[in-house]
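# Tertiary structure, described
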Amino acid sequence: MAGGEEVHVEVEGRTLRISNLDKVLYPRTGTTKGEVLHYYAQVAPVLLPHLAGRAITRIRWPHGVGDASFYEKNAPRGTPSWVRVVSVPTTGSRGESRHGDTLEMPVVDSLATLTWLANLAALELHAHQWQVSATGRPRRADRLVVDLDPGEDAGLQQCCQVALEVRDRLDGAGLEVVPVLSGSKGLHLYAPLRPRRASEDATAVAKELAEGLARDHPRLVTATMTKTRRVGRVFLDWSQNAASKTTVSPYSLRGRDRPTVAAPVTWAEVEAGAEDPLGLEQVTLGETLARVAEHGDLAAALVPTR
């Protein structure tokens, strides 16, 4: 079909206008918008439970990852009336708030909404660590997250080594840890919180963990964002547990040069990655779909039961 031609598709009873299916969004691999839409449709059964009830920040690449991108928190102009939009309290919204101290953010609770966002080239979907209630009010955090970000002269192998230390410490605190490739350079480690906790409490736990590991392994770990302190080390970013922060969702694409995914992995894979620099690598959208077909949702423990 012609690059700018539009088609109308029906998704869950909603008619969506889809355009530019042949547009290349990942020039290095030639991955098109049509392939991105296909990925999100295929991965939806495992992705949507992780997005359910969460206000979603998007990063959009209208002209592909080789061009400019922009963050979008508020629902854009022209949002369909059937998309659920919730008012989320915010501070320091840098002009994005339409109503003083709130953001009007979409909740991705259906394949139709997911398809609508993918058609807008919203490649990355970022979520808070808390859900909203049926009435739209923020709930307490249902998961804790630690972002393992390798600095210069460090890589995924060092992240895997640190991840094993994090697992041992959080296991000792009675928390199950779920590893997820970031789709970028490092790893995200999640722990479901049952019962839910205040975001401030989750932040305090993550900060104490990061600072403790930095003291015990100063040549491998830093809890400080300063670039010079991160050379050869893994930065444990504990701050994403703050109520205002978001983290890329499991199964979301990333806007990198290749169509990599924030893909859950097994601890056996992390252990292999800790031993061998080639033992674990970031995975692409096709590889992620194959992994889901083989393993199901390796991050299912993160989905709240209610």
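Above this text is the structure in question.
We now turn to the structure provided with this report. (Residues numbered from 1 in each chain as written. Predicted model: local features only at pLDDT ≥ 70, side-chain atom pairs only at ≥ 80, totals over all residues. Heavy atoms only, no water.)

### With respect to helix H5 (residues 267-275)
Restricting attention to buried positions, one finds in H5 the residues Trp267, Val270, Gly273 and Ala274. Here the buried residues of H5 occupy an arc of 115° about the axis, which is enough to place them on one side. Looking at H5, the residues exposed on the side facing more than 90 degrees away from the buried face are Ala268 and Glu275. Summarising the contacts, the buried residues of H5 are in contact with helix H3 (156-172), strand S12 (178-181) and strand S13 (187-197). (Buried < 20%, exposed > 50% of the residue type's maximum accessible area, 1.4 Å probe, protein only. Helix = DSSP H or I, 4+ residues; strand = E, 2+ residues; numbered from the N terminus. Arc of directions from axis to C-beta. Contact = heavy atoms within 4.5 Å.)

### Here we look at empty space enclosed by the protein
Left-over empty space is what a probe sized like a water molecule reveals as it rolls over the atoms. Taken as a whole and assessed by the stated rule, the structure comprises one cavity of 30 Å³ or more. Here the largest cavity defines a volume of roughly 40 Å³. Residue lining of the largest cavity: Tyr251, Ala263, Pro264, Thr288, Arg291, Val292, His295, Gly296 and Leu298, and that is the complete set. Of the residues assigned to the lining of the largest cavity, the class counts are five nonpolar, three polar and one charged. (1 Å grid on protein atoms, 1.4 Å probe; cavity = no way out; pocket = protein on both sides within 12 Å on 5 of 7 lines; lining within 4 Å. Points joined across faces, edges and corners; volume = space filled by probe spheres on them. Nonpolar A, V, L, I, M, F, W, Y, C, P; charged D, E, K, R; others polar.)

### Description of the state of the cysteines
Disulfides are covalent bonds that connect the sulfur atoms of two cysteines. The full count for this structure, using the stated rule, is zero disulfides. Not engaged in a disulfide, the cysteine Cys160 finds its nearest cysteine sulfur in Cys159; these two sulfurs lie 7.0 Å apart. (Disulfide = S-S within 2.5 Å.)

### A word on the pairing of strand S2 (residues 14-19)
Bridge analysis of strand S1 (residues 6-11) against S2 gives six bridges, and the strand direction is antiparallel. Bridge assignment links Glu6 to a residue of S2, and that residue is Ser19. (Pairing = 2+ DSSP bridges.)

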